[in-house]
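What follows is each chain in one-letter form.
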Amino acid sequence: MPLRQYVYFALFSQRVSADEMTSQLGIAPDEVSVRGSRITEPKAIPVSHSWKVVCRDPDLCVDEQIARILDRLQPHTARIAELAGQLAIDDGGAVLQVVRYFNDSDDESPSHPDAPNLFGWHLGRDVLDFLAAVGAELDVDEYDMTPSDDTI
């Protein structure tokens, strides 16, 4: 079954911009979002500013993608926790996001016999400790991209 997946850690806020987050953390993000940059009325999309560190390496399982992100962030845990706490006061915060697309026809995952098994994954104590320390949520989105057989 074709599988495409990626993981990111994000800080988000409706008031604090990604540039301000970068300034407070002293860490450059891989990606940012600007609140309302796509649509402003009747509801802002995206709904918040976000600062993201991302791993999209197709040859890694989720555990390994998370490990790559945490390798970059764990030395800055105290600053991330402080900022995430400030953001949480105004409905912002932190999230570790896992996104997986099954049966994706645009799949770029390896298909050779020695390809790694990307389906199973777990969170080790170090990941759980980091998420708890910074007050982050874990959000996992999984999508079945199998074409539908709608014949009606």
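If you're wondering where the values come from, they're calculated on a predicted model, not measured in any experiment.

Conventions we followed
- Residues numbered from 1 in each chain as written.
- Predicted model: local features only at pLDDT ≥ 70, side-chain atom pairs only at ≥ 80, totals over all residues.
- Heavy atoms only, no water.
- Salt bridge = Lys/Arg side-chain N within 4 Å of Asp/Glu carboxyl O.
- Helix = DSSP H or I, 4+ residues; strand = E, 2+ residues; numbered from the N terminus.
- Buried < 20%, exposed > 50% of the residue type's maximum accessible area, 1.4 Å probe, protein only.

S.K.: Could you give an account of the pattern of salt bridges, with specific residues and numbers?
M.R.: Under the criterion given, the structure shown has six salt bridges. In this structure, the salt-bridge partner of E31 is R56, at a minimum N-O distance of 2.9 Å. Remark: R56 occurs in the loop between β3 (49–55) and α2 (62–73) and E31 occurs in strand β2 (residues 31–33); sequence separation between them is 25 residues. Assessed through its relative accessible area of 28%, E31 is described here as partly exposed. Of the charged contacts, one joins R125 and D129 as a salt bridge, the two residues approaching to 3.2 Å between their closest N and O atoms. Of this pair, R125 and D129 both sit in helix α4 (residues 125–134), four residues apart, which is roughly one turn of the helix. Here R125 falls in the exposed class, since its relative accessible area comes to 56%. D129 gets classed as partly exposed once you look at its relative accessible area, which sits at 41%.

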